[in-house]
Amino acid sequence: AEKGTDRSTLMDILWDVQRRKRYISEDDIGKIGQAFNMSKTELEGVITFYHFFSTTNRGKYTIYLNDSIVANQSGRKAIQRAFEEALGIKLGHVTPDNMFGLYRTPCIGLSDQEPSCLINFKPFTNLTRDRVFEIVTELKSGKRPSELCDIPKSIIHYTPAEERTVFFKPYRQFSSLSILNTYSPEEIIDLVKKSKLTGRGGAFFPTGLKWEFCRNNPSEIKYIICNADEGEPGTFKDRVLMEEHPELMIEGMIFAAYAVGASEGAIYLRAEYMYLRDRLEELLSKYRSQGYLGKGIKAKTPFDFDVYIHMGAGAYVCGEETALIHSMEGKRGEPGTREFFPVEKGFNDRPTIVNNVETLCAVPRILEMGISKYLSLGTKATPGTKLFSVSGDCSKPGMYEIEWGMKLRDFLDLIGAEDPCFILFNGFAGECLSEADFDREISGENLLAEHMQFRFKDPLEYARKMGGIGLRSGGSFMVFNKQRDLLKILKNVADFFVAESCGICVPCRTGNFLLNKKIDKLILGHAEQQDLDEIKEWSNIIKITSRCGLGKMSSTALNHAMLKFPEVFEKRISANTDFNKSFSLEGATADYDRIINEMTLDYD
Ligand code: SF4
């Protein structure tokens, strides 16, 4: 009743129920469905889309362990066993008294501090067996997760000298906002265009251009959405930005609103970062009390703009902007068909800007430091700096800010990479790098060049053709050494995409399932050359025919690995010893087919 029945409040209501009762009951579904005029099936369709909503009790204390590859390599299994022992249940179960539930989930954004877990969405990092038993004992004695949890602290490294650093240097709240009094909205857009800033969530779409499209839309209502749903395994840069400099994100949103003429904004915060919510709410109140949010914000052209926080509920695909918008509208977070772009028809069918945290944080810094200084950083095609979330086999995991143009080999030295062999450069959806790539530079001109498409005549048309996804470079950087089993890494990647495909299109839903089975065959030593050929062929079909970037990029790592490490795959094929290649499924099921056919005839 408090929230009304505007469908965009549905997720909040589901969260309220889930938090209070630890599940959403039949009775709740009936009442909520009635209030929103939704059928039971439709509402259940929304609830079951998200990992963190449940129709069964997940326990008073719900524990989520990260099952991505870096967590597994950092000892996640031992921590899982410790929890199972301490609680007397297996993973995926709840204790008989409904006190504890133990579950796995994809990456929780703490890859540099694994093994980690979330308990009622509070973070616990660098876990040991003893610490697990201690936590369980304390919770049983009545302590709350908020009293026991850790404050995740990523070590921040930056290579540019402080005056050449864009993000991680001291910042005085509100200081960039004085610029609002100097420039008109069109001038702000012009400055952002000149800076060559591009979307840092992975799509690398030119930010100024996006703002200009939205500005030119005559709609009276426009929205700014900050995409704080970074779910790419291994990525945590947006978390660190929101911990260290949340004011930059808010000020970036204010600039975007001023530039395009938006009056409402939302931060779509991934559920795994729920512990940041109170701090962000406090900060938003501060901006309101200082007159930088709300009615009549002082600027060359005064404007109204406010921001609220919308919680995600666990769905990787909601990082895709149309899926995110559907989620905010209280629907299943399925990507749209791209008939319209959000700047044309977005949230509630109104023009909407969706920008990533890093992109928005860059705006006040660029405006404050001046365009020419910003352009003097990095390279010609990619000025400025880039954030990388580094994890895996290196002695200095953490958050890195580097100037574009750094040699990959130098970057590997910087992070203390140990015997690096295989690198997932852009998380699970990105390029795999091998030793042959170590002399390339990290820039638009080189390492990213094959994805960068700045020379197209009609960017909107290009993006439409590409399904809106160009370069995938969320900033995840996972290093694996020579001792790691490449196929096990690829299996983890494949499991992830099978679990995270929203299922709306067949090539992605079925194709990824089939590729996953091929990897199983390779691991078991049952694969043949034909399997490798089929992997290539099917990957291509998935890439061309999938609706969104998740499907399009899902087999990239596997294909790059096959190209760069052919010997790994060839060895697995020749490893077939006890496997009967001549086995014919058709022959083995011939009798069964005959009986079924006879039965069908009888029936007819
Ligand atoms: Fe959903 Fe995959 Fe299709 Fe994207 S490509 S819309 S995730 S099924």
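Residues numbered from 1 in each chain as written. Predicted model: local features only at pLDDT ≥ 70, side-chain atom pairs only at ≥ 80, totals over all residues. Heavy atoms only, no water.

### Notes on the nonpolar core
Core analysis: the biggest nonpolar cluster contains 144 residues, and Trp211, Phe305, Phe422, Leu424, Leu490 and Phe569 have the highest contact counts within it. In terms of residue count, the dominant contributor to this core is helix H11 (residues 246-260) (11 residues). Leucine 490 has contacts with Phe422, Ile519, Ala557, Leu558, Ala561 and Phe569, leaving out every residue within four places of it along the chain. The next biggest cluster of nonpolar side chains, apart from the first, holds 21 residues, and it includes Leu65, Ala86, Ile135 and Leu148. (Core = buried A, V, L, I, M, F, W, Y, C linked by side-chain atoms within 4.5 Å. Buried < 20%, exposed > 50% of the residue type's maximum accessible area, 1.4 Å probe, protein only. Helix = DSSP H or I, 4+ residues; strand = E, 2+ residues; numbered from the N terminus. Contact = heavy atoms within 4.5 Å.)

### A short note on the pattern of salt bridges
Tallying each qualifying case throughout the model produces 46 salt bridges. Glutamate 431 is the salt-bridge partner of lysine 564, the closest N and O atoms lying 3.8 Å from each other. With lysine 564 in helix H22 (residues 556-564) and glutamate 431 in the loop between strand E14 (420-428) and strand E15 (432-433), this pair connects stretches of sequence that are 133 residues apart. Exposure remark for glutamate 431: the relative accessible area of 3% places this residue in the buried category. The partner of lysine 517 in a salt bridge is aspartate 520, and the shortest N-O contact between them spans 3.7 Å. Note that lysine 517 and aspartate 520 are positioned in helix H19 (residues 506-524) at a spacing of three residues, about one turn of the helix. The partly exposed category is assigned to aspartate 520, whose relative accessible area is 22%. (Salt bridge = Lys/Arg side-chain N within 4 Å of Asp/Glu carboxyl O.)

### Comments concerning unusual backbone geometry
Of the consecutive residues glutamate 114 and proline 115, the connecting peptide bond is found in the cis state with omega at 0°. With a phi close to 50°, asparagine 348 is a non-glycine residue in the positive phi region. If you trace the backbone, asparagine 348 turns up in the loop between helix H13 (321-328) and strand E11 (352-356). Its relative accessible area of 40% is what places asparagine 348 among the partly exposed residues. Phi at aspartate 349 is positive, roughly 65°, even though this residue is not glycine. Looking at the element boundaries, aspartate 349 is found in the loop between H13 and E11.

### Side note on the domain arrangement of the protein chain
Each domain of the protein chain was delimited in the assignment, giving domain 1 (7-47), domain 2 (61-148), domain 3 (156-375) and domain 4 (386-574). Taken over C-alpha atoms, the centre of domain 1 sits 29 Å from the centre of domain 3. At the boundary of domain 1 with domain 3, total buried surface from both sides reaches about 950 Å², with 56% on carbon and sulfur atoms. It is Ser8, Met11 and Trp15 that lose the most area in domain 1 upon contact with domain 3, and together they represent 55% of the buried surface on that side. Our count for the domain 1 to domain 3 interface comes out at zero salt bridges. Where domain 1 packs against domain 3, one counts three residue pairs in polar contact (both at pLDDT 80 or more). Those elements that place two or more of their residues in the side of domain 1 that touches domain 3 are helix H1 (10-21) and helix H3 (40-47). At four residues, H1 tops the list of elements feeding residues into the side of domain 1 that touches domain 3. The residue inventory of the side of domain 1 that touches domain 3, partitioned by class, reads four nonpolar, two polar and two charged. (Domains from an automatic or database assignment. Buried area = accessible area lost by both parts, 1.4 Å probe. Polar contact = N/O pair within 3.5 Å; in protein donor to acceptor, adjacent residues only side chain to side chain. Nonpolar A, V, L, I, M, F, W, Y, C, P; charged D, E, K, R; others polar.)

### Re the sheet that holds strand E2 (residues 93-94)
By definition, the strands of a sheet pair up through backbone hydrogen bonds, in either a parallel or an antiparallel sense. With mixed pairing, five strands are arranged side by side in an open sheet as E2-E3-E1-E4-E5. With one partner strand each, in any of the chains shown, E2 and strand E5 (122-124) form the two edges of the open sheet. Of the pairings in the sheet, the one linking E2 to strand E3 (residues 100-105) comprises two bridges and is antiparallel in character. Across the sheet, the residue bridging to histidine 93 is leucine 102, located in E3. Packed on one face of the sheet, helix H5 (residues 76-87) meets strand E1 (61-66), E3 and strand E4 (117-119) and runs near 160° to E1. Its contacts with the sheet put helix H6 (residues 129-140) on E1, E3, E4 and E5, and the angle it makes with E3 is roughly 140°. (Pairing = 2+ DSSP bridges. Axes fitted to C-alpha atoms, helices over the stretch in contact; angles between N-to-C directions.)

### Description of helix H2 (residues 26-36)
Restricting attention to buried positions, one finds in H2 the residues Asp28, Ile29, Ile32, Gly33 and Phe36. Down the axis, H2 shows its buried residues gathered within 125° of arc, on one side only. Turned more than 90 degrees away from the buried face of H2 sit Glu26, Lys31 and Gln34, all of them exposed. Contacts from the buried residues of H2 go to H1 and H3. Looking one or two residues past H2, asparagine 37 carries a phi angle of roughly 55°, positive in sign. (Arc of directions from axis to C-beta.)

### Some details on the pairing of strand E7 (residues 223-228)
Among the six residues of E7, six are classified as buried, and the element is accordingly described as predominantly covered. Residues Tyr223, Ile225 and Asn227 of E7 are buried on one face, and the alternating residues Ile224, Cys226 and Ala228, pointing to the opposite face, are buried as well. Note that E7 and strand E8 (residues 264-269) share six bridges and pair parallel. For cysteine 226, the partnering residue across the bridge sits in E8 and is isoleucine 267. Two elements, E7 and E11, share five bridges in a ladder whose sense is parallel.

### Things to note about the site of the ligand
As a structural note, the neighbourhood of the ligand is formed by 13 residues, with Cys502, Gly503, Cys505, Cys508 and Cys548 the closest of them. Taken together, the residues of the shell around the ligand break down into eight nonpolar, four polar and one charged. (Near = heavy atom within 4 Å.)

### A closer look at the packing of aromatic side chains
Enumeration over the complete set of coordinates arrives at 27 aromatic pairs. For the pair tyrosine 64 and tyrosine 103, a centre-to-centre distance of 5.9 Å together with 35° between the ring planes defines the contact as tilted. On the criterion of sequence distance, the pair formed by tyrosine 64 in strand E1 and tyrosine 103 in strand E3 is long-range, its members being 39 residues apart. Using a relative accessible area of 14% as the deciding quantity, one classes tyrosine 103 as buried. Considering the side-chain rings of phenylalanine 204 and tryptophan 404, the 6.0 Å spacing of their centres and the 80° angle between planes classify their relative orientation as edge-to-face. Taken together, the residues span a long stretch of sequence, with phenylalanine 204 in the loop between helix H8 (185-195) and helix H9 (207-216) and tryptophan 404 in the loop between strand E13 (398-403) and helix H16 (408-414) at a distance of 200 residues. For phenylalanine 204, a relative accessible area of 4% gives the class buried. On the basis of relative accessibility, which here comes to 4%, the residue tryptophan 404 falls in the buried class. (Phe/Tyr/Trp six-rings, centres within 6.5 Å; stacked < 30°, edge-to-face > 60°.)

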